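Chain residues, written in single-letter form:
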Amino acid sequence: MTIYRCRVLDTPDDPFTGGELRSHDDAGIAVEAGVIVDRGAFRMVAERHPDAEIVDLRDGVLLPGMVDTHVHYPQIRAIGGLGMPLLDWLDQCALPEECKLADAEYARTVAREFVTGLTTAGTTTALVFGSHFADAVDALFAEADRVGVRVTAGLVTSDRNLPEPLLSTPARTYDEGRKLAERWHGHRRLRYAVTPRFSYSTSPAMLESGAALAADVPGLWFTSHINENPAEIAAVIDQFPGSANYLDTYHRHGLIHERSVLAHNLHPTDTELALMASTGAAVAHCPTSNSALASGSFPLRRHLDHGVAVALGTDVGAGSGFSLFKEGLQAYFMQQLLQGDGVPLTAAHLLHLATRAGATALGLDEVGDLSVGRQFDAVLVRPTAGHPLDVGLRHTDSAENALAKIFSLATPADVARVWIGGDEVAG
Ligand code: GUN
Ligand code: ZN
């Protein structure tokens, strides 16, 4: 057994429904076989487990591992394409890079870069948009498995409106997806998600093939994009004349349920929000991407009013990096700019969105905060001595204020140590 002695912050109680930030200045967190088995004042925990090894982490602040509910593996090298709306950015920036993953060796290199991007940012769990190429998705799962990060991912499917190398057929994607799902779904910390790119690039037959795979392999997840950009939405409605709205293009194939996570949802109708709430589908809010592509402002208030679950995603590479601290800060800015229509977010809200809310959206009850019974997925934020975050953390008047400084100033350079299931991740 190991006892981590630490200053710890987490959000087991939802601040959107009255919960408060949980903060202990000198906590003991006892971990056995990767699971938190005791927690309390350090002296008490140490007394209860006299033989435990003590690891002193008081030179930093311990947080739960971050959960990224929307991030694109083949786009790490496409980060930084500024100045374009969604469809132009896809054509000019993202899709040419994604074509390169047809080369399995290239894909293996990118998979290593990508998983490093996650863990060095403090992300321990992610719902990952895979590649259009089955070997590249296999490489992602293999690398995630090697490092131990919790990844849900799948083969991205499309059969229209994309560059030819990214197109496939419903039959082929079913076969490739089935092989990947049989190999990786439920293997250790990995799960498979049916992943049509978006309705604009998938025919009804392609969506049907995803539904068939989900019917044949129990427990698969579903993820895609929705309601991101007005031109995209108009094109989707045009292509699915029988559908009432964007969500219906997925829902009519049985793809919307409690294991569905939809990215963006900046321009939903009330009908769509009501259906998301009643089916238990969650939304991945990706604020740096939405800002970079000028896609719109996230109507968080309407999501909360309808009871739709919301978590955070980085949306690398339209998003500007792997840090969920940055996404949290940008989510805060976006709600501020909405003024009366926005939700005033506190630092506790941001931490909840980046951790517990993500775990809930992904159905992973075992992670998301540092309570007894959860896996020890944790991040030590320890800034360089003398840097602004270090100065800030030494001059705070409250835990909430310390957390606000972390969301304002922390970058991956401040993430000193990361554990997943009690195992420390190298780097
Ligand atoms: N819609 C379809 N594909 C993508 C993508 O790669 N990024 C974003 N932001 N939206 C998309
Ligand atoms: Zn995306």
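Just so we're clear, the structure is a prediction, and the values are computed from it rather than from any experiment.

A. Focus on the overall build of the chain. Regarding its fold elements, the chain presents 16 helices and 16 strands. In terms of C-alpha radius of gyration, the chain reaches 21 Å, essentially the compact-globule figure of 22 Å for 427 residues. Principal axes of the C-alpha set define a box for the chain whose edges measure 65 × 50 × 40 Å. Going through the 427 residues of the chain one by one, you find that 60% of them count as buried. Sequence separation of at least 24 residues holds for 76% of the intrachain contacts in the chain that already meet a minimum separation of 6. Approximately 15600 Å² of the chain is accessible, and the part contributed by carbon and sulfur atoms is 51%. Computed over 33 positive and 53 negative side-chain charges, the inter-centroid distance for the chain is 4 Å.

B. Main features of the site of ligand 1. Every residue close to ligand 1 is listed here: H72, Q75, L86, W89, L90, R197, F198, H225, E228, H264, S289 and D315. A distance of 2.6 Å separates an oxygen atom of ligand 1 from a polar side-chain atom of R197. Within the side chain of H264, one N or O atom sits 3.5 Å away from a nitrogen atom of ligand 1. The fraction of the free accessible surface of ligand 1 (280 Å²) that becomes covered by protein chains is 100%. Among the elements that take part in the shell around ligand 1, helix α2 (residues 86-99) stands out by supplying three residues, more than any other. A breakdown of the residues in the shell around ligand 1 according to their chemical character gives four nonpolar, five polar and three charged.

C. Inspection of the sheet that holds strand β1 (residues 2-10) at higher detail. The sheet built from seven strands is open, its strands ordered β3-β2-β1-β4-β14-β15-β16 with mixed pairing. What marks the edges here is a single partner per strand, and that holds for β3 (35-41) and β16 (423-424). Two elements, strand β2 (residues 22-32) and β3, share six bridges in a ladder whose sense is antiparallel. Opposite V31, over in β3, you have I36 as the bridge partner.

D. Summary view of helix α13 (residues 347-354). In terms of burial, α13 is a largely internal element, eight of the eight residues being buried. Along α13, the residues classified as buried are A347, A348, H349, L350, L351, H352, L353 and A354.

E. Main features of the coordination of the zinc ion (ligand 2). Summarising the metal site, the zinc ion (ligand 2) is bound by the protein donors H70 (NE2), H72 (NE2), H225 (NE2) and D315 (OD), whose distances to it range over 2.0 to 2.3 Å. The coordination sphere of the zinc ion (ligand 2) comprises four donor atoms, whose angles at the metal cover 90 to 169°; the geometry is irregular.

F. Spotlight on the side chain of T173. With respect to the helices, strands and loops of the structure, T173 is situated in helix α5 (residues 170-184). From its side chain, T173 meets the backbone oxygen of P170 in a polar contact 3.1 Å long. With residues up to four places along the chain from it excluded, the contact list for T173 reads L155, T157, S168, M206 and S209.

G. Just the domain arrangement of the chain, in detail. Along its sequence, the chain is organised into domain 1 (2-64 + 367-424) and domain 2 (66-322). Put simply, the middle of domain 1 and the middle of domain 2, counted by C-alpha atoms, are 31 Å apart. The partner domain 2 presents 13 residues to the 14 residues of domain 1 that form the contact. Taken over both partners, the interface formed by domain 1 and domain 2 buries close to 1000 Å², and the fraction arising from carbon and sulfur atoms is 67%. Area buried by domain 1 at its contact with domain 2 is led by F16, P412 and I420, which between them contribute 41% of it. At the boundary of domain 1 with domain 2, the tally comes to two salt bridges. Salt-bridge contacts for R150 lead to D377; the nearest nitrogen and oxygen are separated by 2.7 Å. Linking domain 1 with domain 2 are four residue pairs in polar contact (both at pLDDT 80 or more).

H. Layout of unusual backbone geometry. With an omega of 5°, the peptide bond between V316 and G317 qualifies as cis. Take G317: it is sitting in the loop between β13 (309-312) and α12 (324-337). Positive phi, close to 50°, is recorded for A33, a residue that is not glycine. Overall, the relative accessible area of 76% leaves A33 in the exposed class. Even without a glycine there, the phi angle at H264 is positive, about 90°. Assignment of secondary structure puts H264 in strand β11 (residues 260-264). Exposure remark for H264: the relative accessible area of 1% places this residue in the buried category.

I. Spatial organisation of the packing of α12 against helix α16 (residues 399-409). Here α12 crosses α16 at 105°, and the two axes come no closer than 7 Å. In terms of orientation, α12 lies roughly perpendicular with respect to α16. Counted together, L324, F325, G328 and L329 of α12 and I406, F407 and S408 of α16 form the full contact between these two elements. When grouped by side-chain class, the residues that make up the contact of α12 with α16 number five nonpolar, two polar and no charged.

J. A look at the nonpolar core. Judged by nonpolar contacts, the single largest core of 105 residues is most densely connected at L63, Y73, F114, V128, Y250 and F325. Setting aside anything within four residues of it in sequence, one finds Y73 in contact with L101, A107, V110, A111, F114, V128, F129, G130, S131, A136, A139 and L140. Judged by nonpolar contacts, the second largest core, of 16 residues, contains V261, A282, A361 and L364.

Rules of the game
Residues numbered from 1 in each chain as written. Chains lettered and ligands numbered in written order. Predicted model: local features only at pLDDT ≥ 70, side-chain atom pairs only at ≥ 80, totals over all residues. Heavy atoms only, no water. Helix = DSSP H or I, 4+ residues; strand = E, 2+ residues; numbered from the N terminus. Rg over C-alpha atoms; globule rule 2.2 N^0.38 Å. Buried < 20%, exposed > 50% of the residue type's maximum accessible area, 1.4 Å probe, protein only. Contact = heavy atoms within 4.5 Å. Areas by Shrake-Rupley, 256 points an atom, 1.4 Å probe, with all protein chains shown as cover. Lys, Arg positive; Asp, Glu negative; His and termini not counted. Charge placed at Lys NZ, Arg CZ, Asp CG, Glu CD. Near = heavy atom within 4 Å. Polar contact = N/O pair within 3.5 Å; in protein donor to acceptor, adjacent residues only side chain to side chain. Nonpolar A, V, L, I, M, F, W, Y, C, P; charged D, E, K, R; others polar. Pairing = 2+ DSSP bridges. Donors = N, O, S within 2.8 Å, 3.2 Å for Na, K, Ca; no water. Tetrahedral: all angles 85-135°; square planar, octahedral: opposite > 155°, others 65-115°. Domains from an automatic or database assignment. Buried area = accessible area lost by both parts, 1.4 Å probe. Salt bridge = Lys/Arg side-chain N within 4 Å of Asp/Glu carboxyl O. Axes fitted to C-alpha atoms, helices over the stretch in contact; angles between N-to-C directions. Parallel < 35°, antiparallel > 145°, perpendicular 65-115°, else oblique. Core = buried A, V, L, I, M, F, W, Y, C linked by side-chain atoms within 4.5 Å.

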